[in-house]
Amino acid sequence: LTRARAARVLGDADRWQEMSRSLPNGRAADPDEIAYTVAFLASGRASYTSGTVVTVDGGLSSTFAIA
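This text gives an overview of the structure that appears in the document.

Rules used throughout
- Residues numbered from 1 in each chain as written.
- Predicted model: local features only at pLDDT ≥ 70, side-chain atom pairs only at ≥ 80, totals over all residues.
- Heavy atoms only, no water.
- Helix = DSSP H or I, 4+ residues; strand = E, 2+ residues; numbered from the N terminus.
- Buried < 20%, exposed > 50% of the residue type's maximum accessible area, 1.4 Å probe, protein only.
- Contact = heavy atoms within 4.5 Å.
- Areas by Shrake-Rupley, 256 points an atom, 1.4 Å probe, with all protein chains shown as cover.
- Lys, Arg positive; Asp, Glu negative; His and termini not counted.
- Charge placed at Lys NZ, Arg CZ, Asp CG, Glu CD.
- 1 Å grid on protein atoms, 1.4 Å probe; cavity = no way out; pocket = protein on both sides within 12 Å on 5 of 7 lines; lining within 4 Å.
- Points joined across faces, edges and corners; volume = space filled by probe spheres on them.
- Nonpolar A, V, L, I, M, F, W, Y, C, P; charged D, E, K, R; others polar.
- Expected span 1.5 Å × (residues − 1).
- Polar contact = N/O pair within 3.5 Å; in protein donor to acceptor, adjacent residues only side chain to side chain.

**Remarks on the overall build of the protein**
Looking only at helices and strands, the protein features 3 helices and 0 strands. The N-to-C order of helical and strand elements in the protein reads α-α-α. Overall, the protein is about 50 × 25 × 15 Å in size when its C-alpha atoms are taken along their principal axes. For the protein, the proportion of its 67 residues judged to be buried stands at 6%. Relative to all contacts within the protein whose residues are 6 or more apart in sequence, the contacts with residues 24 or more apart total 18%. Here the protein has roughly 5600 Å² of accessible surface; of this, 55% comes from carbon and sulfur atoms. In the protein, which carries 7 positive and 7 negative side-chain charges, the distance between the mean positions of the two groups comes to 3 Å.

In structure tokens:
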């Protein structure tokens, strides 16, 4: 998907990493970063957590709220 978007927007699928530079952290999430949050919420350490939306987007939604 990212390669296809890079081909469409930048004219070269091999430039796919450039598509992430505009993200707040300058890169896409590592799958482990998402998995750690899921593992925490599924664990006993989150036993007192309820009715919460956890946004794991590297700050992307915060940049839209500020803009």
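**As for the layout of surface pockets**
As a volume, the largest pocket reaches approximately 240 Å³. For the lining of the largest pocket, the per-class residue count stands at 5 nonpolar, 3 polar and 1 charged. Size it by volume and the second largest pocket reaches roughly 180 Å³.

**Considerations on helix H2 (residues 31–42)**
A rise of 1.5 Å per residue sets the reference length of H2, with its 12 residues, at 16 Å; its end C-alpha atoms lie 17 Å apart and thus fit the reference within 8%. For H2, the side-chain oxygen to backbone nitrogen distance between the N-cap and Asp32 is 2.8 Å, and the N-cap itself is Asp30.

**Details of the side chain of Ser20**
Assignment of secondary structure puts Ser20 in the loop between helix H1 (2–10) and H2. A relative accessible area of 13% means that Ser20 is categorised as buried. When sequence neighbours within four positions are dropped, the list of residues in contact with Ser20 reads Gly26, Arg27 and Ala28.

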